[in-house]
Amino acid sequence: MTENNPRVFPPDFLWGAATAAYQIEGGARDGGRTPSIWDTFSHTPGKVLAGDTGDVACDHYHRWRDDLALMSELNLRSYRFSVSWPRVQPTGRGPAVQRGLDFYRELVDGLLERDITPIVTLYHWDLPQELEDAGGWPERETAERFAEYAGIVGETLGDRVSLWTTLNEPFCSAFLGYGSGVHAPGRHDHESVLRAAHHLNLAHGLGTQALRSVLPRTAEVSISFNPGVVHPLNPESEADRDAARRIDNLHTRIFSDPVLHGSYPEDLKQDTARVTDWSFVRDGDEATIHQPLDSIGINYYTTTVVSGPVADELPESKRADNHGKSEHSMWVAAEDVVFHRPPGDVTEMGWTVAPSGLTELLLRFSREAPKLGLYVTENGAAYDDKPDASGAVHDPERISYLRQHFAAVHDAMEQGADVRGYQVWSLLDNFEWAFGYSKRFGIVHVDFDTLARTPKSSARWYAGVIAANQLPASQSD
């Protein structure tokens, strides 16, 4: 990609990096923490590649001071992290564990001392196991318990944190956790998928109310979606266009419509009528979900191409829904939709590099919710990063990926999208869910034997972008 002029970002643009508690913290049994669904899932044979678990992960729980020093070294202006629900409220009910709250107090204070803006995500998939044993997200009580937890954390950190996210990617929690089963808790039931989706939405609404009741008026409350960029294989085909509509409903609108507009799409209900009558949605639920927000987080990695049924089975290399392999479809009432791998370069995850999709998403949500600010709360790529003989880690592919996606963000801003920040996924190589430690998304390399951190060349390049607050004019800069 060649450009004649640098792309300059607004002076207050929040450049940063993102992580998630279970993926980096470790300390699985420290400070009163009890198992989450990911502890249980990762310790179940055959669920995670190589039998990896998050018991130690990056040991951030003990090494957070060193990680803060790294953030300063890399010029980060913001740091998006998640709070471990079972570290704060081990059973998902009742009083908090002060040692858990103290960990996050100290972390936030350390960020503020370094002029790094903390962005708190309350839920990044680590449901306390006791709540899953009681039924998990398909049960209404889980949403009510989340609201209590949100109030506890909001009251504790509200005087320090001004940017809050209720849920990260509820799509993955519902569809991968209760449909395909490639994520915790590993269940396979389509009605449970839709029930879980609704109760996650309800948790967002109730949690937002709980936060508003304890936070200063100046605090911003948001939610992070991972909306699909879904294209029909043949735009001229009615079957392919309908397949794209159905998948967009399941991937995006089942969450964005009630959160932003106060109701579920009618065609979604019609499409899934053979699975459920939606009676789990009670009077007033959609109004509760539709709470006033200040911004929306957008997580983006790749695009999706779909078609209606095809006559011949596609080879594996030609098809993918980008969400892991399973014998169980997560696509409720859309099992006949065929997923096709988009053309182009791919990352180690097998995801096609498609920066234009990020521009498309930002403009879509800018139109859909024009009064709300937008943050790119996750974007990044996994590559097979290895130290060279000198110990340095060079990752030119990631630099190219980031450069293209920063330009895509700037393109959206030039077209009117109110994008206020970008958090790269991820600060550190970490536990990549069902892929264990086999996929490296970090701009900082982690040796999982010694836990030594080594900033990659992409980290140094990113630090330069942040310092200049602009994308250099040429790839060589």
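Quantities reported herein were computed from a predicted structural model and do not represent experimental measurements.

Undergrad: Explain the pattern of salt bridges to me, please; I cannot follow it from the model alone.
TA: As a working rule, side chains carrying opposite charge can pair if their charged atoms are close by. Under the definition given, this model contains 37 salt bridges. We note a salt bridge from Glu220 to Arg420, for which the minimum N-O separation is 4.0 Å. Taken together, the positions of Glu220 in strand S6 (residues 220-225) and Arg420 in strand S12 (residues 419-425) put the pair 200 residues apart, joining distant regions of the chain. When the shortest N-O distance is used, the salt bridge between Glu335 and Arg274 registers 3.1 Å. Of this pair, Glu335 sits in the loop between strand S9 (304-307) and strand S10 (338-340) while Arg274 sits in the loop between helix H11 (266-271) and helix H12 (285-289), placing them 61 residues apart in sequence. A relative accessible area of 61% means that Arg274 is categorised as exposed. Shared partners join several salt bridges into a network, and the residues in it are Asp242, Arg245, Arg253, Asp257, Asp267 and Asp271.

Undergrad: When you look at unusual backbone geometry in this model, what are you seeing that I'm missing?
TA: Peptide bonds are trans in most cases, and residues, glycine excluded, mostly fall at negative phi. Cis geometry is adopted by the peptide bond preceding Pro185, which originates at Ala184 and carries an omega value of 10 degrees. Summarising the element assignment, Pro185 is placed in the loop between helix H8 (170-180) and helix H9 (190-214). In this model, Trp425 is joined to Ser426 through a cis peptide bond whose omega is 10 degrees. Looking at the element boundaries, Ser426 is found in the loop between S12 and strand S13 (444-446). Phi angles above zero are rare outside glycine, and Trp125 is one such case at about 85 degrees.

Undergrad: Is there a simple way to explain the UniProt feature "active site" (unreviewed entry) in the protein chain in this structure?
TA: In the numbering used here, UniProt assigns the "active site" (unreviewed entry) feature to Glu169 and Glu378. Spanning 210 residues, the named residues nonetheless gather at one spot, since no C-alpha pair among them exceeds 10.2 Å. Structurally, Glu169 can be placed in the loop between strand S5 (163-168) and H8. For Glu169, the residues in contact, after removing those within four places along its chain, are Trp125, Ser224, Asn226, Asn299, Tyr301 and Glu378. Secondary-structure assignment places Glu378 in strand S11 (residues 373-378). Taking relative accessible area as the criterion, Glu378 reaches 4% and is therefore assigned buried. Among residues more than four places away in sequence, those in contact with Glu378 are Arg80, His124, Asn168, Glu169, Ile298, Asn299, Tyr300, Tyr301, Gln423 and Trp425.

Undergrad: Sorry, what's going on with the packing of H8 against H9 here?
TA: Helix packing for two helices is described by the angle between their axes and how far apart those axes are. Relative orientation of the contacting elements H8 and H9 amounts to 155 degrees, with a least axis distance of 9 Å. In this view, H8 runs roughly antiparallel relative to H9, as classed from their interaxial angle. As for the relative orientation of H8 and H9, their crossing is right-handed in sense. From H8, Pro170, Ser173, Ala174, Phe175, Tyr178 and Gly179 reach across to H9, where they touch Ser192, Val193, Ala196, Ala197 and Leu200. Split into classes, the residues belonging to the contact of H8 with H9 amount to eight nonpolar, three polar and no charged.

Criteria and cut-off values
- Residues numbered from 1 in each chain as written.
- Predicted model: local features only at pLDDT ≥ 70, side-chain atom pairs only at ≥ 80, totals over all residues.
- Heavy atoms only, no water.
- Salt bridge = Lys/Arg side-chain N within 4 Å of Asp/Glu carboxyl O.
- Helix = DSSP H or I, 4+ residues; strand = E, 2+ residues; numbered from the N terminus.
- Buried < 20%, exposed > 50% of the residue type's maximum accessible area, 1.4 Å probe, protein only.
- UniProt positions renumbered as here; feature names shortened; annotations may be inferred.
- Contact = heavy atoms within 4.5 Å.
- Axes fitted to C-alpha atoms, helices over the stretch in contact; angles between N-to-C directions.
- Parallel < 35°, antiparallel > 145°, perpendicular 65-115°, else oblique.
- Left-handed = near helix turned anticlockwise from the far one by under 90°.
- Nonpolar A, V, L, I, M, F, W, Y, C, P; charged D, E, K, R; others polar.

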